[in-house]
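Listed here are the chains, written in short residue letters.
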Amino acid sequence: MSRFLIVTLPLTGHAHRAMAIADELSARGHEVAWCGPKSYFRPLLGPDATLFPTGTRLFRDQAGHGIAALKSLWQQYIIPMARFMLPAVDRAMLAYQPDMVVADQHALAGALVAHRHGLPWATLVTEAMELTHPLAALPRVDAWVRAQLASLCREAGVTDVGFDPLFSPYLLIAFTTSALTGEQPFPGHFVLVGAAMLERPGAFAWELLDPARRKVLITVGTMATGLAADFYQRAAAAVAPLAATVQAIAIGPPDLLRDPPGNVLVVPSVPMLALLPRLDAVISHGGMNTVCETLAHGVPLVLAPIRHDQPVVASQVVRAGAGIRVPFSRVRPGQLREALVTILDDPSYRRAAMRIRNSFAAAGGAPAAAAHLESLVRVAR
């Protein structure tokens with residue numbers, strides 16, 4: 001039996017993947033502890049989980065699009081969050097004495113503290129941006145990010161040449177496969193395990209679903225709803241003329257669509273993994289978690305990426321043949337409807353999504369990730 005300390009951000013797509021792996025580790029007889037904000041993680045983990053609280057630093061909406069959004073994410077959230085979490089992670093390390101640290105790639109404090117204590121650590125890659133390194137084509141932006149990391153490392157007392165808190169030299173677990181990323185020469189300690197999925201709790205009125213119509217989910221995830229009111233209006237207008245054959249489920253607050261068309265259900269949340277097998281298509285912002293869960297069920301997508309790694313993810317889906325990309329801020333209802341009808345009616349999109357689904361299934365998901373972590377602990381001992 002080994003002891004794992006998981007350090008992750010209080011964001012749904014990050015936390016739920018780590019929870020799926022934690023469940024696997026616990027089922028194999030290992031001890032798992034967490035380090036993160038109590039207000040976020042305690043309701044998710046339950047009263048019996050070992051949790052070392054960091055205090056709470058809220059995620060505030062960042063600049064809207066493009067390079068400005070990326071710099072804002074780093075400058076206003078990732079780097080400040082690392083500084084904020086460092087003392088708490090250090091205390092957790094001393095109190096828990098783990099055999100290994102499992103750190104979200106953007107929870108930089110986990111990697112920094114593990115390195116300072118001489119412990120092996122694994123990186124969980126929850127987004128596509130750093131894994132496929134598209135910033136190499138933007139050298140000034142890449143240099144800026146690297147400068148932020150170097151400054152943070154110096155502040156944390158880590159001055160080792162070559163140390164990179166984004167990439168563990170021991171093990172890096174990415175929640176995708178080459179069927180989505182494309183064939184790339186990843187290092188040997190990079191493992192691509194496909195989707196690691198955990199059901200979100202919540203009720204759903206299943207009786208409202210019409211078995212005679214095709215089902216479409218509309219979602220921009222949990223972090224961009226405030227930006228998406230107009231997009232939801234356009235998406236509703238896109239599906240309204242398809243009422244005879246299509247029923248849509250839009251995820252968002254009750255006032256998201258004040259007067260939705262009759263074929264659009266507006267709900268605050270859905271049990272995603274239970275709903276996905278019933279869907280024929282998903283209209284999404286291109287968040288990595290939503291995309292991977294959707295493709296893990298062989299469902300094609302219409303993608304309207306907003307910022308951060310979402311354009312990268314959308315490009316991967318389009319290149320794999322499993323979806324169509326539209327411009328988030330400019331797509332008109334007619335264009336969105338045309339894209340949706342295309343992926344519903346052209347079976348090639350479903351076939352491509354099924355190929356990715358099969359690749360994800362073969363990669364092993366959370367059980368495979370847990371097995372790799374076990375192997376690393378055995379070697380480290």
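Just so we're clear, the structure is a prediction, and the values are computed from it rather than from any experiment.

K.L.:
Any details on the overall build of the protein chain? Residues and values, ideally.
P.N.:
Summing up its helical and strand segments, the protein chain has 14 helices and 13 strands in all. The C-alpha atoms of the protein chain give a radius of gyration of 21 Å, which matches the 21 Å a tight globule of 381 residues would have. Its C-alpha atoms give the protein chain principal-axis dimensions of about 60 × 45 × 40 Å. Counting all 381 residues of the protein chain, 57% fall into the buried class.

K.L.:
With reference to specific residues and values, describe the sheet that holds strand β12 (residues 301-303).
P.N.:
Ordered in space as β10-β9-β8-β11-β12-β13, the six strands form an open sheet in which the pairing is parallel. In this open sheet, the two strands that pair with only one neighbour each are β10 (264-267) and β13 (323-325). Sheet twist, expressed as the average angle between the axes of neighbouring strands with direction ignored, equals 15 degrees. In the packing of helix α10 (residues 288-295) onto the sheet, contacts are made with β8 (214-219), β11 (281-284) and β12, and the angle to β12 comes to roughly 160 degrees.

K.L.:
So what's going on with helix α1 (residues 12-27)? Which residues, and what values?
P.N.:
Spanning 16 residues, α1 covers 22 Å between terminal C-alpha atoms, matching the ideal 22 Å at 1.5 Å per step. Listing the buried residues of α1 in full gives T12, G13, H14, A15, H16, R17, A18, M19, A20, I21, A22 and L25.

K.L.:
Give me unusual backbone geometry: which residues, what numbers.
P.N.:
Positive phi is not limited to glycine here, since Q97 has a value of about 55 degrees. As for its placement among the helices and strands, Q97 is situated in the loop between α3 (66-96) and β4 (100-104).

K.L.:
Pulling in residues and values, what's your account of the packing of α1 against helix α14 (residues 365-380)?
P.N.:
Remark: α1 packs on α14, axes separated minimally by 8 Å, with the N-to-C direction vectors making an angle of 60 degrees. Judged by the inter-axis angle, α1 sits oblique to α14. Regarding α1 and α14, the two cross each other, and that crossing is right-handed. In this structure, α1 uses A20, I21, E24 and L25 to contact α14, whose residues at the interface are A366, P367, A369, A370 and L373.

K.L.:
Before we move on, can you summarise the side chain of E127 with the specific residues and values?
P.N.:
With respect to the secondary-structure elements, E127 resides in the loop between β5 (121-125) and α5 (129-132). The side chain of E127 is buried and forms no salt bridge, while R17, the nearest opposite charge, is found at 7.5 Å. Discounting chain neighbours no more than four positions away, the residues touching E127 are H14, R17, H106, M288 and D309.

K.L.:
Go over the sheet that holds β4, please, and point to the residues and values.
P.N.:
Read across the open sheet, the seven strands follow the order β3-β2-β1-β4-β5-β6-β7; overall the sheet is parallel. Two strands close off the open sheet at either side, each with one partner strand: β3 (50-53) and β7 (190-192). Direction aside, neighbouring strands of the sheet carry axes that sit 20 degrees apart on average. The pairing of strand β6 (residues 171-174) with β7 spans three bridges and is parallel.

K.L.:
How would you summarise the packing of aromatic side chains if you had to cite specific residues and measurements?
P.N.:
Taken as a whole and judged by the stated rule, the model has eight aromatic pairs. Look at Y40 and F41: their rings are 5.0 Å apart centre to centre, the planes differ by 80 degrees, and that puts the pair in the edge-to-face class. Joined through ring pairs, the aromatic side chains of W34, Y40 and F41 make up one cluster. Between the NZ or CZ atom of R3 and the centre of the ring of Y96, over which it lies, the distance is 4.1 Å.

K.L.:
Give a description of the pattern of salt bridges that names residues and reports values.
P.N.:
Oppositely charged side chains may form a pair once their charged atoms are brought near each other. Counted according to the given criterion, the structure contains nine salt bridges. Measuring nitrogen to oxygen at the nearest pair gives 2.7 Å for the salt bridge that ties E31 to R3. Here E31 is found in strand β2 (residues 31-36), whereas its partner R3 is found in strand β1 (residues 3-7), with 28 residues between them in sequence. For D90, the salt bridge identified is with R116, shortest N-O distance 3.4 Å. With D90 in helix α3 and R116 in helix α4 (residues 108-116), the pair connects residues that are 26 residues apart, well separated along the chain. Note on R116: relative accessible area 37%, which makes it partly exposed.

K.L.:
I'd like to hear about the pairing of β11, residue by residue, with values.
P.N.:
Of the two faces of β11, the one carrying A281 and I283 and the one carrying V282 and S284 are both buried. Looking at chain direction, β8 and β11 are connected through four bridges and run parallel. From the neighbouring strand, V216 faces β11, where its bridge partner is A281. Inspection of the sheet shows β11 paired to β12 by three bridges, in the parallel sense. Across the sheet, the residue bridging to I283 is V302, located in β12.

K.L.:
Describe the pairing of β3, naming the residues involved and giving the relevant values.
P.N.:
In this structure, β2 lies alongside β3, joined through four bridges in parallel fashion. The residue bridging W34 from the neighbouring strand is L51, located in β3. Regarding topology, helix α2 (residues 38-45) serves as the crossover connection from β2 to the parallel β3, and that connection is right-handed.

K.L.:
Please provide a residue-by-residue account of the environment of M1, values included.
P.N.:
Considering the arrangement of structural elements, one finds M1 in the segment before β1. Since its relative accessible area comes to 62%, M1 is described here as exposed. Here the alpha-carbon distance between M1 and A322, two residues 321 residues apart in the chain, equals 41 Å.

What counts, and where the lines are drawn
Residues numbered from 1 in each chain as written. Predicted model: local features only at pLDDT ≥ 70, side-chain atom pairs only at ≥ 80, totals over all residues. Heavy atoms only, no water. Helix = DSSP H or I, 4+ residues; strand = E, 2+ residues; numbered from the N terminus. Rg over C-alpha atoms; globule rule 2.2 N^0.38 Å. Buried < 20%, exposed > 50% of the residue type's maximum accessible area, 1.4 Å probe, protein only. Pairing = 2+ DSSP bridges. Axes fitted to C-alpha atoms, helices over the stretch in contact; angles between N-to-C directions. Contact = heavy atoms within 4.5 Å. Expected span 1.5 Å × (residues − 1). Parallel < 35°, antiparallel > 145°, perpendicular 65-115°, else oblique. Left-handed = near helix turned anticlockwise from the far one by under 90°. Lys, Arg positive; Asp, Glu negative; His and termini not counted. Salt bridge = Lys/Arg side-chain N within 4 Å of Asp/Glu carboxyl O. Phe/Tyr/Trp six-rings, centres within 6.5 Å; stacked < 30°, edge-to-face > 60°. Lys NZ or Arg CZ within 6 Å of the ring centre and 35° of its normal. Right-handed = clockwise from strand over helix to strand, strands pointing away.

None of this, on its own, says anything about what the molecule does.
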